[in-house]
Amino acid sequence: MADQMFALEAANVTKNFGGVKAVNAVNLKVPIGEKRALIGPNGAGKTTLFNLITGELFCDEGLISIFNQDITKKTVQQRAKLGLGRTYQISQLFLELTVEQNLFLAANANHGRDFDMLHFWKSSKSELDFVKEISERIELQNLLNRKVSDLSHGEQRQLEIGMAFALKPRLIMLDEPAAGLSPNERIVLTNLIKKLSVDTTLIIIEHDMDIVLEIADKITVMNQGAVFAEGTPTEIRNNQQVQEIYLGSAYHESKS
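Residues numbered from 1 in each chain as written. Predicted model: local features only at pLDDT ≥ 70, side-chain atom pairs only at ≥ 80, totals over all residues. Heavy atoms only, no water.

Student: Just to check I follow, could you spell out the overall build of the protein for this structure?
Tutor: The helix and strand inventory of the protein stands at ten helices and ten strands. A separation threshold of at least 6 residues defines the contact pool for the protein, and within that pool the share at least 24 residues apart is 64%. Surface summary for the protein: the accessible area is close to 12300 Å², and the carbon and sulfur share equals 49%. (Helix = DSSP H or I, 4+ residues; strand = E, 2+ residues; numbered from the N terminus. Contact = heavy atoms within 4.5 Å. Areas by Shrake-Rupley, 256 points an atom, 1.4 Å probe, with all protein chains shown as cover.)

Have a look at this one:
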């Protein structure tokens, strides 16, 4: 790995499923503080690469590091302690708990503690203030006592991101955060992502190209398990090969 520090560096990362290379010799460098979008057609290897980075899967070949620390063989929990947080395509929320309890659980996990209702009721002012601060960042401060199962889909997405924030990540990874959201909910989500501090690095998988083009500093395009193209939003939007494999002529025409 290079001496310069990157939030994420992947070198020759490969993952096989049977005879299929789901991720094929991927090289990726994401500078600290950058907002990077990862796009590509279905089956391009995006989520598999995400899972290799977060430790849900281990790569067959290659190395992965965050902040100059080799995490190739580290567990999900070990990577989280080094500053990596993520959301999932499938909700990981605790539906029978309240918004406040979910955020409290995530904040406690950051300190290596399991959720304890007795500890929750005896929470210190600093802990409760931190949960309140997170709820304000995700615009759910008026719903702290609401059961998560009673939230709208968009509000649940906001809470998932808040739980990732509660881990105090230096690198946050969002997997299809806009999936299933209404147009208004997508606006709220986009504004929420824009509120990330300049020191927090973002990697996002997202099919909504309006969101990608609005928030990303740089875009990496994957196809058939490999990096196909990389560049600024303008460069990717104007790349004819990317148009052909992913964006499609309809999108190109609608934006011309």
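Student: Looking at this structure, I do not really get the packing of helix α3 (residues 99-109) against helix α6 (residues 153-166). What am I missing?
Tutor: How two helices sit against one another is set out by the angle between their axes and by the gap between those axes. For the pair α3 and α6, the least separation of the axes is 8 Å and the interaxial angle reads 30 degrees. With respect to each other, α3 and α6 are oriented roughly parallel. α3 and α6 meet at a crossing whose hand is right-handed. Residues Val 99, Asn 102, Leu 103, Ala 106 and Ala 107 of α3 form the contact with α6, whose own contacting residues are Leu 159, Gly 162, Met 163 and Ala 166. Split by residue class, the contact of α3 with α6 holds seven nonpolar, two polar and no charged. (Axes fitted to C-alpha atoms, helices over the stretch in contact; angles between N-to-C directions. Parallel < 35°, antiparallel > 145°, perpendicular 65-115°, else oblique. Left-handed = near helix turned anticlockwise from the far one by under 90°. Nonpolar A, V, L, I, M, F, W, Y, C, P; charged D, E, K, R; others polar.)

Student: How should I be thinking about the pairing of strand β4 (residues 61-66) in this particular structure?
Tutor: Along any regular strand, the residues point their side chains to alternate faces of the sheet. Pairing of strand β1 (residues 8-17) with β4, which is carried by four bridges, proceeds in the antiparallel orientation. Within β4, the position partnered with Ala 11 by the bridge is Leu 63. For β4 and strand β5 (residues 69-70), the ladder comprises two bridges, and the chain directions are antiparallel. By the bridge assignment for β5, Ile 66 is matched with Gln 69. Linking two consecutive strands that pair antiparallel, namely β4 and β5, is a turn of two residues; a positive phi of about 50 degrees is found at Phe 67 within it. (Pairing = 2+ DSSP bridges.)

Student: Looking at this model, I keep getting lost on the pattern of salt bridges. Mind explaining?
Tutor: Enumeration according to the criterion identifies twelve salt bridges in this entry. Put simply, Glu 139 and Lys 195 hold a salt bridge, and the shortest N to O gap is 3.2 Å. Taken as a pair, Glu 139 in the loop between α5 (125-137) and α6 and Lys 195 in the loop between α7 (183-194) and β8 (201-205) lie far apart in primary sequence, 56 residues in all. Notably, a salt bridge pairs Lys 194 with Glu 214, separated by 2.5 Å at the nearest N-O pair. You can see Lys 194 sitting in helix α7 and its partner Glu 214 sitting in helix α8 (residues 209-215), a full 20 residues away along the chain. Within the structure, one salt-bridge network assembled from shared partners comprises Glu 34, Arg 36, Lys 218 and Glu 230. (Salt bridge = Lys/Arg side-chain N within 4 Å of Asp/Glu carboxyl O.)

Student: What's the story with the side chain of Thr 200 in this structure? I'm lost.
Tutor: For Thr 200, the location among the structural elements is in the loop between α7 and β8. Taking the relative accessible area as the measure of exposure, Thr 200 reaches 11% and is therefore buried. Apart from residues no more than four positions distant in its own chain, Thr 200 is found in contact with Gly 33, Pro 169, Arg 170 and Ile 172. (Buried < 20%, exposed > 50% of the residue type's maximum accessible area, 1.4 Å probe, protein only.)

Student: Teacher, can you tell me more about the packing of α6 against α7 here?
Tutor: Following both chains from N to C, one finds α6 and α7 inclined at 15 degrees, their axes separated by 10 Å at the closest point. Between α6 and α7, the crossing angle belongs to the class labelled roughly parallel. The handedness of the crossing between α6 and α7 is right-handed. Contacts between α6 and α7 involve Gly 154, Gln 158, Ile 161 and Phe 165 from the former and Glu 185, Val 188, Leu 189 and Leu 192 from the latter. When its residues are assigned to classes, the contact of α6 with α7 shows five nonpolar, two polar and one charged.

Student: Sorry, what's going on with the sheet that holds strand β3 (residues 35-39) here?
Tutor: Note: strands within a sheet are paired through backbone hydrogen bonds, in either parallel or antiparallel orientation. Across the sheet, six strands lie side by side as β6-β7-β8-β3-β9-β10; this open sheet has mixed pairing. Across the chains shown, the open sheet's two edge strands, defined by having one partner strand only, are β6 (84-86) and β10 (226-231). Shown here is a sheet whose adjacent strand axes are inclined to one another by a mean of 20 degrees, direction ignored. Here helix α1 (residues 46-54) sits on the sheet in contact with β3, β6, β7 (171-175), β8 and β9 (218-223), set at roughly 150 degrees to β7.

Student: Is there a simple way to explain the nonpolar core in this structure?
Tutor: Soluble globular proteins: nonpolar side chains tend toward being buried together. Grouped together as the largest cluster of nonpolar side chains are 43 residues, with contacts concentrated most on Ile 39, Leu 103, Leu 159, Phe 165, Ile 193, Leu 202 and Ile 219. Top contributing element to this core by residue count: α6, with six residues. Listed in part, the 26 residues of the second largest apolar core include Leu 49, Phe 50, Phe 67 and Leu 82. (Core = buried A, V, L, I, M, F, W, Y, C linked by side-chain atoms within 4.5 Å.)

Student: Sorry, what's going on with the side chain of Asn 102 here?
Tutor: Counting through the fold element by element, Asn 102 comes out in helix α3. In this view, Asn 102 contacts Leu 93, Phe 94, Leu 97, Val 148, Leu 159 and Met 163; residues no more than four positions away in its chain are not counted.

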